[in-house]
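# Examination of the molecular architecture
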Amino acid sequence: MQKWNDENIGLRGAVALAHFFLRQYLRPGDRAVDATCGNGHDTLLLAGLVGPTGKVWGFDIQPDALVATGARLAEAGCRGRVELIGAGHERLADYVQEPVRAVVFNLGYLPGGDKVVITRSPSTLIALDQALQLLTPGGIVAVVIYPGHPGGAEEAAAVEGWGARFAPENYSVWCSRQLNRAATAPYLLVIEKMA
Ligand SMILES: C[S@@+](CC[C@H](N)C(=O)[O-])C[C@H]1O[C@@H](n2cnc3c(N)ncnc32)[C@H](O)[C@@H]1O
């Protein structure tokens, strides 16, 4: 029977699609940011893709999330290439001062954690602006959006409005939804900075 691990979940949902894009863009030696570490699944993917010569910065405001992420990275033997930062991603530019090839946001609340602690549009939009500034030409920002929880729809609308205002000569902004799932299902925004 097929075992559905992170390597072969196909396109089963927005996180899988985000990972598909990240795999296309990131190469060994690249720099990347996980703006919402949570339980560290995305951070681990980034660390694997950039390899031992690359670097990843990971942000979360919850100490439990950083502990879980650090443990996941250590178990995989790649803790040394990731700088974990206990600060909001709206302070991205304070901590990352070199160009990066990819930034991933996985919005909403920490699975298994406090559902009251959610990403919120004012800080999310500040962080997204900073992410675009840091991005190398040809790089991407991937944003997994969750409209289903309280506050989620408002944040989703804010992120879509933010993405829609960029000139297509400068950024390609894509929105991918699953037509055969509920309207509240998670979906993906991908922004590519034109080379
Ligand atoms: C959906 S979870 C992320 C899932 C994670 N990427 C994974 O692979 O498990 C969202 C995370 O965003 C974090 N968060 C909320 N506001 C934040 C902020 N301003 N800056 C950074 N992280 C934030 C939450 O603490 C939570 O852990």
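Structure first, text after, so check above.
Structural notes, computed from the coordinates. (Residues numbered from 1 in each chain as written. Predicted model: local features only at pLDDT ≥ 70, side-chain atom pairs only at ≥ 80, totals over all residues.)

On to the site of the ligand. Near the ligand there are 21 residues, and of these Thr36, Gly38, His41, Gly88 and Leu110 occur at the shortest range. Residue composition of the shell around the ligand, by class: 6 nonpolar, 12 polar and 3 charged. (Near = placed C-beta within 6 Å. Nonpolar A, V, L, I, M, F, W, Y, C, P; charged D, E, K, R; others polar.)

The terminal C-alpha atoms of helix α6 (residues 152-164), which comprises 13 residues, lie 18 Å apart, in line with the 18 Å expected from a rise of 1.5 Å per residue. Within α6 the residues assigned to the buried category are Glu155, Ala156 and Val159. The buried side chains of α6 occupy one side of the element, clustering within an arc of 100 degrees when seen end-on. Of the exposed residues in α6, those oriented more than 90 degrees away from the buried face are Glu154, Gly161 and Ala164. (Helix = DSSP H or I, 4+ residues; strand = E, 2+ residues; numbered from the N terminus. Expected span 1.5 Å × (residues − 1). Buried ≥ 20, exposed ≤ 12 C-beta atoms within 10 Å, placed from the backbone. Arc of directions from axis to C-beta.)

Reading across from one edge, β3-β2-β1-β4-β5-β7-β6 is the order of the 7 strands in this open sheet, with mixed pairing throughout. In the strand order of this sheet, the two ends are held by β3 (82-85) and β6 (171-176), each with one partner. Across the sheet, the axes of successive neighbouring strands diverge by a mean angle of 10 degrees, strand direction being ignored. As judged from the 4 bridges shared by strand β2 (residues 55-59) and β3, these two strands associate in the parallel manner. Residue Phe59 lies in a different strand from β3, and its bridge partner there is Ile85. Running over the sheet, helix α2 (residues 41-50) touches β1 (31-34), β2, β3 and β4 (100-106) and is turned about 170 degrees from β2. Against the sheet, helix α5 (residues 121-134) touches β1, β4, β5 (135-145) and β7 (187-193), its axis set at about 155 degrees to β5. (Pairing = 2+ DSSP bridges. Axes fitted to C-alpha atoms, helices over the stretch in contact; angles between N-to-C directions. Contact = placed C-beta atoms within 7 Å.)

In a regular helix each residue adds 1.5 Å, so 14 residues correspond to 20 Å; α5 covers 20 Å between its end C-alpha atoms and thus fits that length. Listing the buried residues of α5 in full gives Thr124, Ala127, Leu128, Gln130, Ala131 and Leu134. The arc that holds every buried residue of α5, seen down its axis, measures 165 degrees, which confines them to one face. Turned more than 90 degrees off the buried face of α5, the exposed positions are Pro122 and Gln133. Tucked inside the fold, the buried residues of α5 contact β1, α4 (92-95), β4, β5 and α6.

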